[in-house]
Amino acid sequence: MLAYAVSMILVLIGSYAVLSKENIIKKLMGLAIFTNGIHLFLISIGYKSGGIAPIFSEINFNYLSSVAVDPLPQALVLTSIVIDLSVTAVALALAVQVYKRFRTLNADKIRGLKG
Amino acid sequence: MIYSFLAIPVLLLSAFLIPLAGIKKENFAPKCALLAAFITFVLSVATLPAVVKSKVLVMQMSGWKAPLGISIVADSFSIILIILVSFIGFLVALYSQKYITERKREYYSLLCLALAGMIGILHTGDLFNMFVFLEITSIASYALASYYRNAKSFEASIKYLIIGALGTSFFLLGTAFLYGAFGTLNLADLSMAIANTQSSVFPIATALVLAGLAIKTAIVPFHAWKPDVITSVPSPIGALFGAASTSVGLYAIFRIILTVLNLEGQLISTVIILAGIITMIVGAAMALQQKDILRLLAYSTISQAGYVLLAFGMGYFSAKGYEGAVFHLINLAIIDALLFFSAGVSVKLSRTSIMDDMKTISNPLVSYGFLVGALSLAGIPLLNGFSSKWLIYIAGLEVSPILTLIAIIVSAVTLAYSVKAFYLIFMKNEKVNIKIDNGTKFILAGLMAISIFFGIFPDTGIQIADFMIDSFDNSLYVLKVLG
């Protein structure tokens, strides 16, 4: 339960930072916090206190599924971390280029496009 | 076997090969991308007969049964859109051959990647897999948005990235909620679970997933990124974002609402009708005041997506609504592609997209192409835009005449801004006598022919729409995927 609460707090902090901070780097940090909140949430869905690693072997399948943690969220989080990494890489590359062109990272001052 | 699914490995492989093999040979990248896009189109057309025969085609990845493995599905709704998107993708690749003259390797590699993601979204039968394909398309789109490497394009790209990443994060959070509540991610299995169990997190999960998709589809009030992005990309990519991305986004919304969440009901239909009306009105009103042709086309795409949503919302009350929605979805993609391709010739020639300063080509094919697109967009009879809008008007009369009235008024506004754009670009400005290449001629003539064909023979289009609507009822889908 604590993990759910913490993950939702992280999601809220992340979305607050994305929506209200002016600095693009801070917005990107907000995005990272947001995604990590979701990752924590996913992991805690599959978590089982005292659970074992979900490795399929000679053990009875029904017994395994009752004691092992849920492997699916872990697979999802691994995939999502990789995706998040590539989004962050593209984002930071773009932020560097934006800084070179505008000499600022303040999103309110970068206003070439309007209407 | 679903042949069209093989298109995804082909596209991903060419996206991987183009940057490597294209270093030595300048012309490898365009040719390879064109070939990959053509193979995609051929494969998707080749899948059509099997779908017509057995309604829903299902393929389980590496032989694991449905709830455990990842299902790849092609039903009548998705296969038509796969054909449509791969057709647009092929035209974009063909049009780019002459249009793109520098940094070909990154351009074509990203184009293949974006196309692979779109075909993937249309194919997948798994919610998380849909997220992955959504991100593939998105990351390629963020990079394509900054293709010109000037201040304008970087600004549009970073804005798009922040809004888009927020959208996909919402989608992922909604997916996580659904998994936590129902314990499955397979669309068919999830649909069964949602029908059988009550859960208190269902409304918030629905809201998050739909908001995420609405951001990616640019539905008002989540539309702000789209005009910026389309103004700063090359016109063929504008066509890809305007025509293909919008169809794919709307497909995902319809698929989630109808197949997965079983949301059909008065409340959600009313919400969709309202969202559609707001999108229509805001899109048309903003388009009316633009000086930039690409920005105008971006807003008009948003406005037309509003029509699709309006018709889709009316589908619950009147059978004509769904017909109008899917038919307009097809027409919207064709008209948008035609407009972007014909305007793109002038944008490329005059190196600006401000309508007053643009030069135009004396070749009548380009100006007629734009004229057909503009009139069709406004719903002038004998063109395809009219056929689908007529269905929407009829459906509106059955639901509430006010909806028809709004739709007709917005059509009138559409006529105003599209004719204004045609006049400013093609009649007022100076004409230059330059030859256009055969590929562009073929594209414009082909799209015009399709547009006029669906206008004169609307029955064919309505038959296609009826064929697509068959899969709006999810019982067969669930049965085939799980069975």
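Cut-offs used in this document
- For every chain, the first residue of the written sequence is number 1, and numbering continues from 1 along that sequence.
- Note on labels: chains are lettered from A, ligands numbered from 1, in written order.
- Where local features are concerned, this predicted model is filtered to residues with pLDDT of at least 70; where side-chain atom pairs are given and counted, the filter is 80 or more; whole-chain, interface and lining totals use all residues.
- Values shown for side chains rest on all heavy atoms present in the structure; no hydrogens or waters enter the calculation.
- In DSSP terms, a helix is any run of H or I states spanning at least four residues, a strand is any run of E spanning at least two, and both are numbered starting from the N terminus.
- Each radius of gyration reported is based on C-alpha atoms, and the globular scaling rule is 2.2 Å times the count of residues to the power 0.38.
- The rule is simple: take the accessible area with a 1.4 Å probe, protein chains only, and divide by the maximum for that residue type; under 20% is buried, over 50% is exposed, in between is partly exposed.
- Here the accessible surface of atoms and residues is derived via Shrake-Rupley with a 1.4 Å probe, and residues count as covered only by protein chains that are part of the display.
- Residues are treated as being in contact if the distance between any of their heavy atoms lies within 4.5 Å.
- Working rule for helices: expected span equals 1.5 Å times residues minus one.
- Pairs of N or O atoms within 3.5 Å make up the polar contacts considered here, provided that, within protein, one atom can donate a hydrogen while the other can accept it, and that residues adjacent in sequence are counted only when both atoms are side-chain atoms.
- By definition, the buried area sums, over both parts, the 1.4 Å-probe accessible area that each loses when the two are put together.
- Here, a salt bridge means any Lys or Arg side-chain nitrogen found within 4 Å of an Asp or Glu carboxyl oxygen.
- The set of buried Ala, Val, Leu, Ile, Met, Phe, Trp, Tyr and Cys residues whose side-chain atoms join them within 4.5 Å is what this entry labels a nonpolar core.
- Here a pair means two rings of Phe, Tyr or Trp (six-membered ring of Trp) with centres within 6.5 Å. Their orientation is stacked below 30 degrees between planes, edge-to-face above 60, and tilted elsewhere.
- Only when the NZ atom of a Lys or the CZ atom of an Arg is both within 6 Å of the ring centre and within 35 degrees of the ring normal do we say a charge sits over the ring.
- In this analysis, axes come from line fits to C-alpha atoms, helices being fitted only over the stretch in contact, and the angle between any two N-to-C directions falls in the range 0 to 180 degrees.
- Orientation labels follow simple angle bins: below 35 degrees gives roughly parallel, above 145 gives roughly antiparallel, 65 to 115 gives roughly perpendicular, and whatever is left gives oblique.
- For a crossing to be left-handed, the near helix must be turned anticlockwise from the far one by less than a right angle; the clockwise case is right-handed.
- By the convention adopted, Pro, Cys, Tyr, Trp, Phe, Met, Ile, Leu, Val and Ala count as nonpolar, Lys, Arg, Asp and Glu as charged, and the other residues, Gly among them, as polar.

**Q** Got a minute to help me understand the overall build of chain B in this structure?
**A** Secondary structure assignment for chain B yields 19 helices and 4 strands. Against the globule reference of 23 Å for 483 residues, chain B gives a C-alpha radius of gyration of 21 Å, in line with a compact fold. On the principal axes, the C-alpha backbone points of chain B span a range of 65 × 60 × 40 Å. Taking all 483 residues of chain B together, the buried fraction comes to 65%. Of the accessible surface of chain B, which amounts to about 16,500 Å², a share of 69% is contributed by carbon and sulfur atoms.

**Q** How should the overall build of chain A be read in this particular structure?
**A** Scanning chain A from terminus to terminus reveals 4 helices and 0 strands. Helices (α) and strands (β) of chain A occur, in sequence order from the N terminus, as α-α-α-α. In summary, chain A has a C-alpha radius of gyration of 20 Å against a globular reference of 13 Å for 115 residues, an excess of more than 25%. Along the first, second and third principal axes, the C-alpha atoms of chain A reach 65 × 25 × 25 Å. Each of the 115 residues in chain A was classed as buried or not, and the buried ones make up 35%. Put simply, 52% of the contacts in chain A that link residues at least 6 apart link residues at least 24 apart. Carbon together with sulfur atoms contributes 67% to the accessible area of chain A, which is approximately 6,800 Å² in total.

**Q** Explanation requested: unusual backbone geometry in the structure shown.
**A** All names here are of chain B. Cis geometry marks the peptide bond from V220 to P221; its omega dihedral reads 10°. By the element assignment, P221 lies in the loop between α8 (202-217) and α9 (225-231). Phi at K55 takes a positive value of approximately 65°, unusual for a residue other than glycine. Mapped onto the fold, K55 is located in the loop between α2 (28-54) and β1 (56-60). By relative accessible area, which is 37% here, K55 ends up partly exposed.

**Q** What's the story with helix α12 (residues 293-314) of chain B in this structure? I'm lost.
**A** An α-helical turn contains 3.6 residues, so any two residues separated by three or four positions project in the same direction. Residue and element names in this part refer to chain B. Taking 1.5 Å of rise per residue, the 22 residues of α12 would be expected to cover 32 Å, and the 32 Å separating its terminal C-alpha atoms lies within 8% of that figure. A large share of α12 lies buried, amounting to 22 of its 22 residues. The N-cap of α12, judged by a side-chain oxygen 2.9 Å from the amide nitrogen of L294 a few residues on, is D292.

**Q** How do you make sense of the interface of chain A and chain B when you look at a structure like this?
**A** Accessible area lost on assembly of the parts is the figure often given for the size of an interface. Facing 36 residues of chain A, the contacting portion of chain B comprises 35 residues. Interface area for chain A against chain B, summed over the two sides, is near 3,100 Å², with a carbon-plus-sulfur share of 82%. Counting across the chain A and chain B interface gives 0 salt bridges. Across the contact surface, chain A and chain B share 2 residue pairs in polar contact (both at pLDDT 80 or more). Among the secondary structure elements, those contributing two or more residues to the side of chain A that touches chain B are α1 (2-20), α2 (24-46) and α4 (71-102) of chain A. Among the elements that take part in the side of chain A that touches chain B, α4(A) stands out by supplying 16 residues, more than any other.

**Q** For this particular structure, what's the right way to read the nonpolar core?
**A** Side chains of nonpolar character tend, in soluble globular proteins, to be buried together. Counting residues in each nonpolar core, the largest one holds 215 residues, and the members touching the most others are I293(B) and F341(B). Setting aside chain neighbours within four positions, we find I293(B) in contact with A343(B), V347(B), S353(B), M355(B), M358(B), F370(B), A421(B) and I425(B).

**Q** I tried to follow the packing of aromatic side chains on my own but got confused; where do I start?
**A** Here a ring pair, both rings aromatic, is described through the centre-centre distance and the interplanar angle of the planes. All names here are of chain B. A complete count under the given rule lists 30 aromatic pairs over all chains for this structure. Relative to F341, the ring of Y95 lies with its centre 4.5 Å away and its plane at 40°, an arrangement referred to as tilted. Pair noted here: Y95 is in helix α3 (residues 76-99) and F341 is in helix α13 (residues 319-350), with a separation of 246 residues, a long-range link. Judged by its relative accessible area of 3%, Y95 falls in the buried class. Residue F341 is classed as buried on the basis of its relative accessible area, which comes to 0%. Here a set of aromatic residues connected by ring pairs shows up, and it is made of F77, Y251, F254, F312, Y322 and F472. The side chain of K348 reaches across the aromatic face of Y99, ending 5.2 Å from its centre.

**Q** Where do I start with the packing of α4(A) against helix α6 (residues 151-182) of chain B in this structure?
**A** Helix-helix packing is characterised by the crossing angle of the two axes and by the distance between the axes. Viewed as axis vectors pointing N to C, α4(A) and α6(B) meet at an angle of 165°, and their least axial separation amounts to 9 Å. In terms of orientation, α4(A) lies roughly antiparallel with respect to α6(B). The hand of the α4(A)/α6(B) crossing is left-handed. Judged by residue contacts, L72(A), P73(A), S80(A), V87(A), V90(A), A91(A), L94(A), A95(A), Q97(A), V98(A), R101(A) and F102(A) of α4(A) engage A151(B), F154(B), E155(B), S157(B), I158(B), L161(B), A165(B), L172(B) and Y179(B) from α6(B). Here the residues of the contact of α4(A) with α6(B) are counted per class, giving 16 nonpolar, 3 polar and 2 charged.

**Q** Would you take a moment to explain the pattern of salt bridges for this structure?
**A** It is possible for side chains bearing opposite charge to pair when their charged atoms get close. Residue and element names in this part refer to chain B. In this structure the tally under the stated criterion is 9 salt bridges over all chains. D75 serves as the salt-bridge partner of R255, at 2.8 Å between the closest nitrogen and oxygen. One end of the pair, R255, is in helix α10 (residues 235-260); the other, D75, is in strand β2 (residues 71-75), with 180 residues separating them in the sequence. Taking relative accessible area as the criterion, R255 reaches 3% and is therefore assigned buried.

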